[in-house]
Amino acid sequence: MKHGVPVFVHAADAVRTRTGEKPKVAIGPMRLGPTLRFIGYSIRKNGLRTRYVRDVTEIGDGDVLDLPGSPMIVSMPGHSPGSVAVHVPLADAVFVGDALTTRHVLTGRAGPQPAPFTDDPSEALSSLGRIAGLSASWVLPGHGAPWRTSPAQASEAVKSVSAETRT
């Protein structure tokens, strides 16, 4: 707990959160300008000096957190083994973290797409189906603009973009 605030982490990422141990992944496409802006942002926010969290509160799929709005955890393995989305019905939103992005930090490309730095891209795409049945009007990615759409439409859009880039 940092400053009395619990750090919620899926059990599959607990060791990674405490130690930083993770696999090397392919970086994928990048353009010089957006990549330099991402590195500059990381430097300004001390992102290059990682501080690992010692005390974590482990969460799992289906857990409902004892917080305002009763957020529910949805496992979304792929970006990392313990990647999650957080569905908050009261906010009419699902926070998807790095399960998808609406702005690629290394290319600057806007629009729905898979996130970079993903451990298992195939599993990440498959996991998008886990949010498809959620009732929400907003999909909130970790990078890029909030997206006023249903989780089902977001899932299909990202899968479609991914299929286009593979052909």
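In the block above lies the structure referred to throughout.
Residues numbered from 1 in each chain as written. Predicted model: local features only at pLDDT ≥ 70, side-chain atom pairs only at ≥ 80, totals over all residues. Heavy atoms only, no water.

**Student:** Any details on helix H2 (residues 32-44)? Residues and values, ideally.
**Tutor:** Residues separated by three or four positions in an α-helix point in the same direction, a consequence of the helix having 3.6 residues per turn. Its 13 residues place the ends of H2 18 Å apart at the C-alpha level, agreeing with the 18 Å of an ideal helix rising 1.5 Å per residue. Turning to H2, its buried residues are Pro34, Thr35 and Ser42. Down the axis of H2, the sector holding all buried residues measures 100°, keeping them to one side. Among the exposed residues of H2, those oriented more than 90 degrees off its buried face are Leu32, Leu36, Arg37, Ile43 and Arg44. With its phi angle positive at about 60°, Asn46 sits one or two positions after the end of H2. (Helix = DSSP H or I, 4+ residues; strand = E, 2+ residues; numbered from the N terminus. Expected span 1.5 Å × (residues − 1). Buried < 20%, exposed > 50% of the residue type's maximum accessible area, 1.4 Å probe, protein only. Arc of directions from axis to C-beta.)

**Student:** Kindly report on the layout of surface pockets, identifying the contributing residues and their values.
**Tutor:** In this model, the largest pocket occupies a volume close to 1,800 Å³. Secondary structure elements with two or more residues in the lining of the largest pocket: strand S1 (8-10), helix H1 (14-19), H2 and strand S4 (84-88). It is H2 that contributes the most residues to the lining of the largest pocket, five residues altogether. Looking at the lining of the largest pocket residue by residue, the classes come out as 23 nonpolar, 13 polar and 10 charged. Estimated volume of the second largest pocket: approximately 500 Å³. Along the walls of the second largest pocket sit 26 residues, with Pro29, His104, Pro114, Ala115 and Pro116 positioned nearest its centre. Put simply, the parts of the chain that give the lining of the second largest pocket at least two residues each are helix H3 (121-127) and helix H4 (151-166). When grouped by side-chain class, the residues that make up the lining of the second largest pocket number 14 nonpolar, eight polar and four charged. (1 Å grid on protein atoms, 1.4 Å probe; cavity = no way out; pocket = protein on both sides within 12 Å on 5 of 7 lines; lining within 4 Å. Points joined across faces, edges and corners; volume = space filled by probe spheres on them. Nonpolar A, V, L, I, M, F, W, Y, C, P; charged D, E, K, R; others polar.)

**Student:** With reference to specific residues and values, describe a nonpolar patch on the surface.
**Tutor:** Taken together, the side chains of Leu32, Leu36, Ile39, Ile43 and Leu48 define a hydrophobic patch exposed on the protein surface, amounting to about 530 Å² of accessible area. In this fold, Ile39 is placed in helix H2. Residue Ile39 is classed as partly exposed on the basis of its relative accessible area of 39%. (Patch = residues over 30% accessible without salt bridge, like charges linked within 9 Å, V, L, I, M, F, W, Y side chains within 5 Å. Areas by Shrake-Rupley, 256 points an atom, 1.4 Å probe, with all protein chains shown as cover. Salt bridge = Lys/Arg side-chain N within 4 Å of Asp/Glu carboxyl O.)

**Student:** So, the sheet that holds strand S8 (residues 138-141): which residues are in play, and what are the values?
**Tutor:** One open sheet holds the five strands; their spatial order is S3-S4-S5-S8-S9, and the pairing between them is mixed. Of all the strands in the sheet, just strand S3 (72-75) and strand S9 (147-148) have a single pairing partner and so form its edges. Sheet analysis places S4 next to strand S5 (residues 93-97), joined by three bridges and oriented antiparallel. Across the sheet, the residue bridging to His87 is Val94, located in S5. (Pairing = 2+ DSSP bridges.)

**Student:** I'd love a proper account of the environment of Lys22, names of residues and values included.
**Tutor:** Within the fold, Lys22 resides in the loop between H1 and H2. Overall, the relative accessible area of 60% leaves Lys22 in the exposed class. Put simply, Lys22 and Pro71 are 49 residues apart on the chain and 27 Å apart in space, counted from C-alpha to C-alpha.

**Student:** Outline the pairing of strand S7 (residues 110-113), listing residues and values.
**Tutor:** The two faces of the sheet receive side chains in turn, since in a regular strand these alternate between them. Alignment of strand S6 (residues 101-103) against S7, held across two bridges, turns out to be antiparallel. If you follow Thr101 over to S7, its bridge partner there is Gln113. Following S6, the chain reverses through six residues before pairing antiparallel with S7; Gly108 in that reversal takes a positive phi of roughly 80°.

**Student:** Which residues make up unusual backbone geometry, and what values go with them?
**Tutor:** For Ser70, which is not glycine, the phi torsion reads 45° and is therefore positive. Secondary-structure assignment places Ser70 in the loop between strand S2 (57-59) and S3. On the basis of relative accessible area, Ser70 is assigned to the partly exposed category, the value being 43%. Phi at Asp92 takes a positive value of approximately 55°, unusual for a residue other than glycine.

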